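Chain and residue survey
Now for the letters of each chain:
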Amino acid sequence: PAGRRVSRETLRARIEEALRLDIIEGTLGPGTRLRVEGLAQEYGVSPTPIREALQRLAAENFVTLDPRVGASVTRLSARELREVYWLRDLLECAALRRSIEVGDAKWEESVQSAWTGFLPLLTAGRSDILAWSRVHRAFHAATMSAAASQWLAHFVSMLQNQSERYQILSVKTASRDSLGEHQSIYRAVMARDVEAAVEAHRNHLLTTVSLLEPGLRAQSGEGAAAALEAGRVDRASMGEQGT
């Protein structure tokens, strides 16, 4: 029985990860209906691990469960974009500041190593968007790793998971100077220039918001009044609420 439980949990985890990646990459686009029977056939499993995976993905807001129509991929929204990136700004800038202040030589080496792994994909294009996303995330994780706070790392990772669809969408659909953005962060971090590093990181986050927000607002029909009510993120507000 114990072996069966381990096997079942492993299968559920694999299905969950496969679904998550399909959602993040856009294979399963926002609003796509997720029919258990169809997914079970596609992934070659019984309906049970599909249902379990959908429940867990719903808890992470990748999937929306409606008792009337079933499961679907959660739609992207300007409201969520603003909220998630506002929180990322608060937490990530705090982690970055702390890391630069207390990071030792080993931390510097980890940042340099992550940058070395990231740079080829920055300059060679993004044909493999998931590979790009992995090294992108690894670079930012390295810059913040010396903060040494388990809770801070947990919440940062949670927000990054939730924002990954937005990040990939911005890379796919928008022309941006990703190399320049990350060079600014890297150089400031290695120079131990806290304020410059925080500003470069904040601008990096804001670029994604500014590129995606207009299209998401138009797509969802979110008006100017709703944007104001939600506390629209802009450079001034993030500067005031940041670290």
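Residues numbered from 1 in each chain as written. Predicted model: local features only at pLDDT ≥ 70, side-chain atom pairs only at ≥ 80, totals over all residues. Heavy atoms only, no water.

Focus: a nonpolar patch on the surface
On the surface, a cluster of nonpolar side chains totalling about 360 Å² of accessible area is made up of W151, F155 and M158. Mapped onto the secondary structure, W151 falls in helix α7 (residues 150-173). (Patch = residues over 30% accessible without salt bridge, like charges linked within 9 Å, V, L, I, M, F, W, Y side chains within 5 Å. Areas by Shrake-Rupley, 256 points an atom, 1.4 Å probe, with all protein chains shown as cover. Salt bridge = Lys/Arg side-chain N within 4 Å of Asp/Glu carboxyl O. Helix = DSSP H or I, 4+ residues; strand = E, 2+ residues; numbered from the N terminus.)

With respect to the pattern of salt bridges
Applying the stated criterion to the full structure yields 13 salt bridges. Put simply, R56 and E16 hold a salt bridge, and the shortest N to O gap is 3.0 Å. Placement of the pair is R56 in helix α3 (residues 47-59) and E16 in helix α1 (residues 2-25), with a sequence separation of 40 residues. On the accessibility criterion, E16 (6% relative accessible area) is buried. For R176, the salt bridge goes to E181, with nearest N and O atoms at 2.8 Å. You'll find R176 and E181 in the same group, each marked buried. Salt bridges linked by common partners bring R12, E16, E17, R20, R56 and E60 together as one network. (Buried < 20%, exposed > 50% of the residue type's maximum accessible area, 1.4 Å probe, protein only.)

Quick look at unusual backbone geometry
Phi angles above zero are rare outside glycine, and A148 is one such case at about 55°. By secondary structure assignment, the location of A148 is in the loop between α6 (129-144) and α7. Even without being glycine, R192 reaches a positive phi, approximately 60°.

Focus on the sheet that holds strand β3 (residues 70-73)
Pairing in this open sheet of 3 strands is antiparallel, and the strands run β1-β3-β2 from one edge to the other. Looking at strand neighbours, the two that pair on one side only are β1 (33-34) and β2 (63-66), the edges of this open sheet. Direction of pairing for β1 relative to β3: antiparallel, over a ladder of 2 bridges. Residue L34 lies in a different strand from β3, and its bridge partner there is A71. Packing against the sheet, α3 makes contact with β1, β2 and β3, and its axis sits at approximately 110° to β2. (Pairing = 2+ DSSP bridges. Contact = heavy atoms within 4.5 Å. Axes fitted to C-alpha atoms, helices over the stretch in contact; angles between N-to-C directions.)

Things to note about the nonpolar core
Within the largest apolar cluster, 48 residues are counted, with the highest numbers of intra-cluster contacts made by L19, L34, I50, L54, F139 and V189. Each residue touching L19, except ones within four places of it in the same chain, is listed here: L28, L39, Y43, A53, L54 and L57. L76, Y85, L212 and L216 belong to the second-largest nonpolar core, a separate cluster that totals 11 residues. (Core = buried A, V, L, I, M, F, W, Y, C linked by side-chain atoms within 4.5 Å.)

Section: α3
Look at α3: 19 Å from first C-alpha to last across 13 residues, which is about the 18 Å you get at 1.5 Å a residue. By the burial criterion, the buried members of α3 are P49, I50, A53, L54 and L57. Angular distribution of buried residues about the axis of α3 spans 135°; they occupy a single face of the element. Summarising the geometry of α3, the exposed residues directed more than 90 degrees from the buried face are Q55 and A59. The positive-phi residue at the C-terminal boundary of α3 is N61, with phi of around 70°. (Expected span 1.5 Å × (residues − 1). Arc of directions from axis to C-beta.)

Regarding the pairing of β2
In the sheet, β2 pairs with β3 via 4 bridges, with the strands oriented antiparallel. Looking at β3, one finds that D66 is bridged to G70. The loop that links β2 with its antiparallel partner β3 comprises 3 residues.

Structural notes on the packing of aromatic side chains
Under the defined criterion, the tally for this structure stands at 6 aromatic pairs. Ring plane angle 55° and centroid distance 5.4 Å describe the contact between W115 and F139, whose orientation is recorded as tilted. With a gap of 24 residues between them, W115 in helix α5 (residues 105-124) and F139 in helix α6 connect regions that are remote in the sequence. Both residues of the pair, W115 and F139, belong to the buried class. Ring geometry for W151 versus F155: centroids 5.8 Å apart, planes at 25°, classification stacked. Of this pair, W151 and F155 both sit in helix α7, 4 residues apart, which is roughly one turn of that helix. Overall, the relative accessible area of 37% leaves F155 in the partly exposed class. Taken together, the aromatic side chains of W115, F118, W132, F139 and Y186 make up a single cluster linked through ring pairs. (Phe/Tyr/Trp six-rings, centres within 6.5 Å; stacked < 30°, edge-to-face > 60°.)

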